[in-house]
Amino acid sequence: MTFTPHGKHLIAGKWIAGDATFTSQPAHGPAHSFAVGRVSDVHTAATKAEAAFWSYSATSREERATFLNTIADQIEARADGITQIGTQETGLPEARLQGERGRTTGQLRLFAQHILAGDYLDRRHDEALPDRAPLPRPDLKMVQRPIGPVAVFGASNFPLAFSTAGGDTAAALAAGCPVVVKGHSAHPGTGEIIAEAVLAAVETCKLHPGVFSMIQGGDRKVGSSLVQHPLIKAVGFTGSLGGGRALYNLCSTRPEPIPFFGELGSVNPMFLLDSAVKSRGEEIATGWAGSLAMGAGQFCTNPGVAIVLAGPEADSFVETTRAALGNVPAQTMLTDGIAKAYRDGQRRIAKIAGVQEVLTSMCDQRDATPFLFVTSGSNWLANETLAEEVFGPLGVVVIAETAQEMREIAMNLQGQLTCTLHMDEGDTAAAQDLMPVLERKAGRVLANGFPTGVEVCETMVHGGPYPASTNFGASSVGTLSIRRFVRPVCYQNLPEALLPEQFN
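As the structure is a computational prediction, the values presented were derived from the model and not from experiment. (Residues numbered from 1 in each chain as written. Predicted model: local features only at pLDDT ≥ 70, side-chain atom pairs only at ≥ 80, totals over all residues. Heavy atoms only, no water.)

**Some thoughts on the nonpolar core**
Rule in force here: Take the buried Ala, Val, Leu, Ile, Met, Phe, Trp, Tyr and Cys residues and link them wherever side-chain atoms come within 4.5 Å; each set so joined is a nonpolar core. Working definition: with a 1.4 Å probe on protein chains only, accessible area under 20% of the residue-type maximum means buried, over 50% means exposed, and in between means partly exposed. A run of H or I in DSSP counts as a helix once it spans at least four residues, and a run of E counts as a strand once it spans at least two, with each numbered from the N terminus. Between two residues, a contact is recorded if the distance between any of their heavy atoms is within 4.5 Å.
In terms of nonpolar packing, the biggest core is built from 90 residues, with Phe 67, Phe 212, Phe 271 and Phe 485 touching the most fellow members. No other element matches helix α6 (residues 188–204), which puts eight residues into this core. Look past the residues within four positions of Phe 271 in its chain and what remains in contact with it is Ile 307, Met 406, Ala 410, Leu 413, Thr 420, Leu 421, His 422, Leu 434 and Leu 438. By size, the runner-up hydrophobic cluster in this structure holds 22 residues, among which are Ala 276, Phe 317, Leu 372 and Val 374.

**Examining α6**
Basically, it comes down to this: Expected span, for any helix, means 1.5 Å times one less than how many residues it has.
Here α6 is 17 residues long and its end C-alpha atoms lie 24 Å apart, about the 24 Å a rise of 1.5 Å per residue gives. Within α6, 14 of the 17 residues are buried, which leaves the element mostly enclosed by the surrounding structure. Positive phi shows up at Lys 206, right after α6, with a value of about 55°.

**Observations concerning helix α8 (residues 241–252)**
Let me state the cut-off plainly: By arc we mean the arc of the directions from the helix axis to the C-beta atoms, nothing more.
Taking 1.5 Å as the rise per residue, α8 with twelve residues should run 16 Å; its terminal C-alpha atoms sit 16 Å apart, in good agreement. Of all the positions in α8, only Gly 244, Leu 247 and Cys 251 are classed as buried. Viewed end-on, α8 has its buried residues packed into an arc of 65°, placing them on one side of the element.

**A closer look at unusual backbone geometry**
In this structure, Pro 134 follows Ala 133 across a cis peptide bond, with omega equal to 5°. Inspection of the secondary structure assignment puts Pro 134 in the loop between β5 (124–126) and β6 (140–146). Note that the residue after Tyr 466, namely Pro 467, is joined by a cis bond; omega there is 10°. Here Pro 467 is to be found in the loop between β20 (442–447) and β21 (486–492). Unlike most non-glycine residues, Ala 12 shows phi in positive territory, near 50°. As for its placement among the helices and strands, Ala 12 is situated in the loop between β1 (9–11) and β2 (14–16). A positive phi angle, near 50°, is found at Asn 268, a position not held by glycine. By the secondary structure assignment, Asn 268 is in the loop between β11 (260–263) and β12 (270–272).

**Section: the environment of Ala 246**
When you line up the elements, Ala 246 lands in helix α8. We classify Ala 246 as partly exposed; its relative accessible area is 42%. A C-alpha to C-alpha distance of 8.9 Å links Ala 246 and Ser 224, two positions 22 residues apart in sequence.

**Some words on the pattern of salt bridges**
Stated formally: What counts as a salt bridge is simple: a side-chain nitrogen of Lys or Arg found within 4 Å of a carboxyl oxygen of Asp or Glu.
Per the stated rule, a full pass over the model turns up 17 salt bridges. Between Glu 256 and Lys 233 there is a salt bridge, and its shortest N-O distance comes to 2.9 Å. Placement of Glu 256 in the loop between α8 and β11 and of Lys 233 in the loop between α7 (220–228) and β10 (234–238) is noted, with a sequence separation of 23 residues between them. When its relative accessible area of 39% is taken as the criterion, Glu 256 is described as partly exposed. Measuring nitrogen to oxygen at the nearest pair gives 3.7 Å for the salt bridge that ties Arg 254 to Glu 256. Classification of Arg 254 as buried rests on a relative accessible area of 7%. In this structure, a network of salt bridges that share partners links the residues Asp 19, Arg 38 and Asp 41.

**What to know about the side chain of Glu 89**
The condition that has to hold: When charges are counted, neither His nor the chain ends are considered; positive counts come from Lys and Arg and negative counts from Asp and Glu. Pairs of N or O atoms are called polar contacts if they sit within 3.5 Å, as long as, within protein, a hydrogen donor faces a hydrogen acceptor (for residues adjacent in sequence, only side-chain-to-side-chain pairs).
Structurally, Glu 89 is set in helix α3 (residues 79–90). Arg 366 is the oppositely charged side chain nearest to the buried, salt-bridge-free Glu 89, at an N-O distance of 8.7 Å. At 2.7 Å, the side chain of Glu 89 and the side chain of Thr 190 are in polar contact. Once residues lying within four places of it in the same chain are set aside, the contact partners of Glu 89 are Gln 25, Pro 26, Ala 27, Phe 34, Ala 186, His 187, Pro 188, Gly 189, Thr 190, Leu 334 and Arg 366.

**Describing the packing of α7 against α8**
Test applied: To get an axis, fit a line to the C-alpha atoms, keeping to the stretch in contact for a helix; angles then go from 0 to 180 degrees between the N-to-C directions. Less than a right angle of anticlockwise turn of the near helix away from the far helix marks a crossing as left-handed, whereas a clockwise turn marks it as right-handed. Note that Gly is not counted as nonpolar here; it falls among the polar residues with everything else outside the nonpolar set of Ala, Val, Leu, Ile, Met, Phe, Trp, Tyr, Cys and Pro and the charged set of Asp, Glu, Lys and Arg.
Contact pair α7 / α8: the axes reach a minimum separation of 9 Å and the direction vectors enclose 35°. Crossing angle aside, the handedness with which α7 passes α8 is right-handed. Of the residues in α8, those in contact with Gly 223, Ser 224, Val 227 and Gln 228 of α7 are Leu 247, Leu 250 and Cys 251. Partitioning the contact of α7 with α8 into residue classes produces four nonpolar, three polar and no charged.

**A word on the sheet that holds strand β17 (residues 371–376)**
Using the following cut-off: Note on pairing: DSSP must find at least two bridges between two strands before they are called paired.
Taken in spatial order, the seven strands of this open sheet run β15-β17-β18-β13-β12-β19-β20, and their pairing is mixed. The open sheet is flanked by β15 (356–359) and β20, the only strands paired with a single partner. When the angles between neighbouring strand axes are averaged without regard to direction, this sheet yields 20°. Where β12 lies against strand β13 (residues 305–309), three bridges are found, and the strand directions are parallel. Bridging from a neighbouring strand, Phe 271 pairs with Ile 307 of β13. Of the strands in this sheet, β12, β13, β17, β18 (394–400) and β19 (416–422) are in contact with helix α9 (residues 274–293), which crosses β18 at around 160°.

**Regarding the environment of Ala 72**
Counting through the fold element by element, Ala 72 comes out in helix α2 (residues 61–77). With 33 residues separating them along the chain, Ala 72 and Thr 105 place their C-alpha atoms 4.7 Å apart. Look past the residues within four positions of Ala 72 in its chain and what remains in contact with it is Thr 105, Leu 108 and Arg 109.

Spelled out as structure tokens, the structure:
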């Protein structure tokens, strides 16, 4: 299947052109024109989403599961076209796009199964106690209910799994909430073909067309107006710390503040404990280099920092990492802007006193090559800039003089998506000392692995204390993420005829 975008917004079942256009900047292949989103488009989409909410929130879990599975079917039916436009726009290899498509359809089907099971509803019932003294107790039932239209922002680094029909959209639709997507201008054609798939599913399932809309970007006013629209009740976002914080502030200062579920930034530190480094330091270094450079380092769980105790094993670890990264070829980054930010981040770190450049390279326009730096634990603790995320294949090795300094580094971390321990049996006591700190700092703690690669499942937590995310109690991956888009409602002495379908 060959796919040629038409460049329009999808608003409540209709393809809408715009007054102005922007041109895509593909890594290769032809560029295309797309309509620039307007504030009026946001208003129409939000209004239609609110109109759809009344019927869509009342659908049965079986109906919504069928809808989610149908979206997955329609995405798979467009597999070749998705790979074609996705690789052109992002520069990602075909295998990566195919794998990400499988993750996208897989999480849609997972949510279908999850809502059929019904555990997310957290149904509770306290039976009436009419004879209780001194006061009787009424009959009380509680269940989670959908909150209303949800805004979703497409992510730059995952054109499928975190974008138009990605995890945020899947979770919101599963919960019974219509969705308005703000497409990412880095891959507008990919967003369009996925929107076509969702529209086909809406029509097949005979749902209100306002249940899904996608507005292309091209103007920052679109994002601002979307999070401020009074009919939008929550926001899902994956992106930069600066952009996410600005949108978060807009959400919190609305006349009716709404939750902003943003995944923003993380360096995902690894703590290499003594016995593990002595027994298999070279193996860990080689694995880290592969994880660090995977996908040009454009994963939110990219392990950008390794903390290791001083000694000859630390020196060997640095040298092995340098050699492994030196063999990594240049990789195309997702956008010119991301490539520029990567170069700027590299220069920022290189200018810090006490930081040694171990591996330098030349980045050419949109291509990225690895960088490796080494610094002392004391220097890390004295320079907050070193703890700021650099989105790309850049690593920093922090040499701690003592186990106490390693713990102090952990104590001074900002919130992270992940923290990792590399340990052997002889490191158990040291790991036990670090664990109370790491579980306060991160949403996911790993042992003897690398955090790149997020499993979509029941137990996954993809979130963490700020600035990893804006809501430490939420996850943007896995079935737990549905809880962002429901709220508890208690029903007192209501007859069965008035209770929601979930109690039947």
